[in-house]
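Chain and residue survey
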Amino acid sequence: MSGPSALRIIEVYPALLGTYGDHGNLLVLAQRARRHGVAVETVSVAPGQPLPRQGDVYLIGGAEDAAQVAATAMMRADGALADAVGRGAPLLAVCAGMQMLGREFPGPDGAPVAGLEVFDLVTSPGPWRAIGELVTDPAAELGLPVLTGFENHGGRTVLGPSAVPLGRVRVGFGNDDHGTEGVLAGHALGTYLHGPVLARNPALADLLLSWAAGPMAPLADPLVDQWRSERIAAAPESVRVHRKIAAERVSRSRPDAS
Amino acid sequence: MLPFWAAATLARTAAVTSRALGRGSGTVIGGQVLLRLAPDAVRRLAAGRTCALVSGSNGKTTTTRFLTDAVRSRVPVANNSTGSNMTTGIATALLDDRSPTAVLEVDEYYLPATLAATDARVVVLTNLSRDQLDRYGGVADLVESWRRMLAQAPAGTVAITTCDDPLTTYAAAAAPRAVWVGTPYRWALDSTLCPACGALLSRDGDHWWCTGCGFARPEPDWRVDGDELVDPSGVRRRIELSLPGRANLGNAALAVVAAGELGVAPEPALAAAAKVGGVEGRFSTVRRGEHEVRLLLAKNPASWSEVLDMLAGGGRPLVFASNGRAADGRDLSWLYDVPFESLAGREVRVFGERRLDMAIRLETAGARPRLAESLDDALAGLPAGPVDVVASYTALQDLLASPPWSQEARR
């Protein structure tokens, strides 16, 4: 905790939207801010509690379907997140978090649920889960190196006419297997990348911090560089394995034996 | 179609041949041959036997071992002790041992089919939490499938579970009869929402309840209080275990209650549990050079939380072995759901195929990871004496297949 000038990072409902390790985005962002000499205050908001209106960065993670529906209803009633996006606060929404900020997404029974319309995108249920390493080339204006992560989603996301993808798929499935990954709307980002995405891509963490607190000098992370290379190299085989499993499951419609 | 006795004979021959050729224990081959020739083998082999099934995300192997040893104090028991807990391993266990009682560890996803095939009288559900999400997606569908399974179970079926896990409680509440056990399991991040209606669950101390539909923690019939097991009439018995850790007190409690359903009194059941010194190599201590190495398994956030709780007080040097194969989960994002912050400031030596994932997670938590090439490389330079090695599922299998573990007589 820190003084009133500290950078406030808000983690939205981690008890609901934290199924796939995305809590790590908060840990990494806070750690990097400290390494940059920026004082931080992290606020993890319990479901049902009000979201702070004056956050500097908002983080939303992935979830199972029922939690996604419940969180959407709470965020709609709360209203703070839409206000924050409206004033240009940096936001990172991962997987189910991105889907719920779109126009609609599938609920537990597959029927469409209305989203919060921060992003111009629609998600519908797919016949199998897109699982595996994911590598993308981020939108050029972000000035970022290649993005690496792990995707695990049943939904197929189609971007609307006003939406810009966060990246172009190099290896993996992405939004709908047609080349786009995630969404970029000003300082609001949506992505299917877990890993967690900010641990795998420290440059993206620094970009969010720079939007909130000004330019960040580069930091040396030899271990993370090594990790990124390893995961990027492993991606083609990962995608091959998971597509094979998906095809077998569709033909048997039950979980696989090891 | 081959008569069943002929299929079983061929399968036994295949297993014996495989062993004779030095191709391993034959565990998988026998079952594979049998299921190819007779897809309903589990049903045929279980017919007329009294079966108990144990499943759950964590603790199923240990609970199965406690229960097996407890029942063996009274009658012979068939058991899949090698941890092969899918259809093949279960068929093999029943093929190899014709004892009229069987205690079987069952993979979570194979439990409904196994219950239907065996008509097991006793079903122990240890707990449910996120595990191998890149294989299975999430736990919600699993909870529903367990509930349907128990709703359709024959009248004599009893489900035994912890009432501290709302997910297994929801499943067991549909059973013809349920016995509730208060356990010291503490993972709650997969039951933020009511499994029955999707509203937020409220919690206060041990108690949990849904403000939406009224679903709530049942009063435990049995409960663990400190290191004592309190039975339904209030009688207290000490749980004395050789195995470490809070979670194993809960596993032992579930096993004692299940043993009771199979006619074994709590005293001999507790005595049997007390004698268990290691389970499939886990918890056992072996000497390697000048180090006494204790091997622990941690395979998902809930089991890691229990292991960290165990490590927090101790000052033993730590070595973590991290892989990312199918059984470990190929996506290791979940390492960030584990509260490694309790290791802040401590040095941890890390090896394995996914040592970078682990080292970077530990660094984020404020611990001091050091990369190593192998267990011996990790041990080199550590002071002589006890060392705790915490391994992922396949990293543990690899270690057990190497000396000195491979030379120990494994039960």
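Residues numbered from 1 in each chain as written. Chains lettered and ligands numbered in written order. Predicted model: local features only at pLDDT ≥ 70, side-chain atom pairs only at ≥ 80, totals over all residues.

With respect to the overall build of chain A
- Helix and strand counts for chain A come out as seven helices and 12 strands.
- Scaling as 2.2 N^0.38, a compact globule of 258 residues should have a C-alpha radius of gyration of about 18 Å, and chain A matches this with 18 Å.
- Across its three principal directions, the C-alpha atoms of chain A cover 55 × 45 × 35 Å.
- Burial analysis of chain A (258 residues in total) assigns 52% to the buried set. (Helix = DSSP H or I, 4+ residues; strand = E, 2+ residues; numbered from the N terminus. Rg over C-alpha atoms; globule rule 2.2 N^0.38 Å. Buried ≥ 20, exposed ≤ 12 C-beta atoms within 10 Å, placed from the backbone.)

A word on the overall build of chain B
- A count of helical and extended segments in chain B gives 15 helices and 17 strands.
- The C-alpha radius of gyration of chain B comes to 21 Å, within 12% of the 22 Å expected for a compact globule of 411 residues.
- When its C-alpha atoms are laid out on the principal axes, chain B stretches across 60 × 60 × 40 Å.
- When burial is assessed residue by residue, chain B has 56% of its 411 residues classed as buried.

Some details on the environment of Gly 366 of chain B
All names here are of chain B.
- With respect to the helices, strands and loops of the structure, Gly 366 is situated in the loop between helix H13 (355–364) and strand E16 (368–371).
- Taking C-alpha positions, Gly 366 is 48 Å from Ala 116, a pair spaced 250 residues apart along the chain.
- Discounting chain neighbours no more than four positions away, the residues touching Gly 366 are Glu 341, Ala 344 and Gly 345. (Contact = placed C-beta atoms within 7 Å.)

Regarding helix H15 (residues 393–400) of chain B
- Turning to H15 of chain B, its buried residues number three or more, namely Tyr 393, Thr 394, Ala 395, Leu 396 and Leu 399 of chain B.
- At its buried positions, H15 of chain B is contacted by strand E13 (291–297), strand E14 (318–321), helix H14 (375–379) and strand E17 (385–391) of chain B.

A closer look at the nonpolar core
- Membership of the largest hydrophobic core comes to 209 residues, with the highest contact counts inside it found for Leu 29 of chain A together with Ala 52, Leu 53, Ala 70, Ala 255 and Ala 258 of chain B.
- Looking at this core, the element that brings in the most residues is helix H10 (residues 246–261) of chain B, giving nine residues. (Core = buried A, V, L, I, M, F, W, Y, C linked by C-beta atoms within 7 Å.)

Some points on the sheet that holds strand E9 (residues 222–225) of chain B
Residue and element names in this part refer to chain B.
- Strands sit in the order E2-E3-E1-E4-E5-E6-E9-E10-E11 across an open sheet of nine strands; the sheet is mixed. Since the sheet does not close on itself, it has two edges, and those belong to strand E2 (77–79) and strand E11 (236–238), each with one partner. Each adjacent strand pair in this sheet contributes to an overall mean axis angle of 20°, direction not counted.
- Pairing between E9 and strand E10 (residues 228–230): three bridges, direction antiparallel. (Pairing = 2+ DSSP bridges. Axes fitted to C-alpha atoms, helices over the stretch in contact; angles between N-to-C directions.)

A short note on the sheet that holds strand E3 (residues 57–60) of chain A
Residue and element names in this part refer to chain A.
- Pairing is mixed in the open sheet, where six strands are placed in the order E2-E1-E3-E4-E12-E11. Because the sheet does not close on itself, it has two edges, and the strands there are strand E2 (40–45) and strand E11 (183–185). Taking each pair of neighbouring strands and ignoring which way they run, the sheet shows an average axis angle of 15°.
- Note: E3 against strand E4 (residues 91–94), three bridges, orientation parallel. The residue of E4 that forms the bridge with Tyr 58 is Leu 91.

Some thoughts on the interface of chain B and chain A
- Counting residues at the interface gives 28 residues for chain B and 35 residues for chain A.
- Looking at the side of chain B that touches chain A, the elements that each hand over two or more residues are helix H7 (133–136) and H13 of chain B.
- Sorting elements by how many residues they give to the side of chain B that touches chain A places H13 of chain B first, with five residues.
- Within the side of chain B that touches chain A, the residues separate by chemical class into 16 nonpolar, six polar and six charged. (Nonpolar A, V, L, I, M, F, W, Y, C, P; charged D, E, K, R; others polar.)

Side note on the packing of helix H4 (residues 60–72) of chain B against helix H11 (residues 266–275) of chain B
Residues and elements named next belong to chain B.
- In the contact formed by H4 and H11, the axes pass within 8 Å of each other and the chain directions differ by 125°. With respect to H11, the element H4 is oriented oblique. In the packing of H4 onto H11, the handedness of the crossing is right-handed. Taken together, the residues of H11 that come into contact with H4 (itself represented by Phe 66, Asp 69 and Ala 70) are Pro 268, Ala 269, Ala 272, Ala 273 and Lys 275.
- Taken together, the residues that form the contact of H4 with H11 break down as six nonpolar, no polar and two charged. (Parallel < 35°, antiparallel > 145°, perpendicular 65-115°, else oblique. Left-handed = near helix turned anticlockwise from the far one by under 90°.)

Notes on helix H7 (residues 222–252) of chain A
- Relative to the 45 Å expected for 31 residues at 1.5 Å per residue, H7 of chain A spans 44 Å between its end C-alpha atoms, a close match to the ideal helical length.
- Within H7 of chain A the residues assigned to the buried category are Val 224, Trp 227, Arg 228, Arg 231, Ser 238, Val 239 and His 242 of chain A.
- Residues of H7 of chain A that are buried in the fold lie against strand E7 (121–138), strand E8 (147–159), strand E9 (167–171), helix H5 (197–200) and helix H6 (202–213) of chain A together with H13 of chain B. (Expected span 1.5 Å × (residues − 1).)

Here we look at the packing of H4 of chain B against H10 of chain B
All names here are of chain B.
- Interhelical geometry of H4 versus H10 gives an angle of 40° and a closest axis separation of 8 Å. The angle between H4 and H10 places the two elements in the oblique class. The crossing of H4 and H10 is right-handed. In this structure, H4 uses Thr 62, Thr 63, Phe 66, Leu 67, Ala 70 and Val 71 to contact H10, whose residues at the interface are Asn 248, Asn 251, Ala 252, Leu 254, Ala 255, Val 256, Ala 258 and Ala 259.

What to know about the pairing of E16 of chain B
Residues and elements named next belong to chain B.
- Across four bridges, the pairing between strand E15 (residues 347–351) and E16 is parallel. Each residue of the ladder has a partner; that of Glu 347, found in E16, is Arg 368.
- Crossover handedness for the path E15 to H13 to E16: right-handed. (Right-handed = clockwise from strand over helix to strand, strands pointing away.)

With respect to the pairing of E7 of chain A
Residue and element names in this part refer to chain A.
- Here 12 bridges tie E7 to E8, and the two strands are oriented antiparallel to one another. Of the residues in E8, the one forming a bridge with Thr 136 is Leu 147.
- Pairing geometry for E7 and E9, over four bridges, is antiparallel. By the bridge assignment, Pro 138 is partnered in E9 with Gly 167.

Let's talk about the confidence of the model for chain B
- With 97% of its residues at a pLDDT of at least 70, chain B reaches an overall mean of 92.
- Among the scores for the predicted complex, ipTM is 0.95 and pTM is 0.92. (pLDDT = per-residue confidence, 0-100.)

A word on unusual backbone geometry
- In the segment running from Gly 195 of chain A into Pro 196 of chain A, the intervening peptide bond is cis, with an omega of -10°.
- When you line up the elements, Pro 196 of chain A lands in the loop between strand E12 (188–191) and H5.
- Here Glu 117 of chain A, not a glycine, exhibits a phi torsion of approximately 60°, which is positive.
- Mapped onto the fold, Glu 117 of chain A is located in the loop between strand E6 (112–114) and E7.
- Non-glycine residue Asp 119 of chain B carries a positive phi angle of around 50°.
- For Asp 119 of chain B, the location among the structural elements is in the loop between helix H6 (111–118) and strand E4 (122–125).
- A tally of 17 C-beta atoms within 10 Å means that Asp 119 of chain B is categorised as partly exposed.

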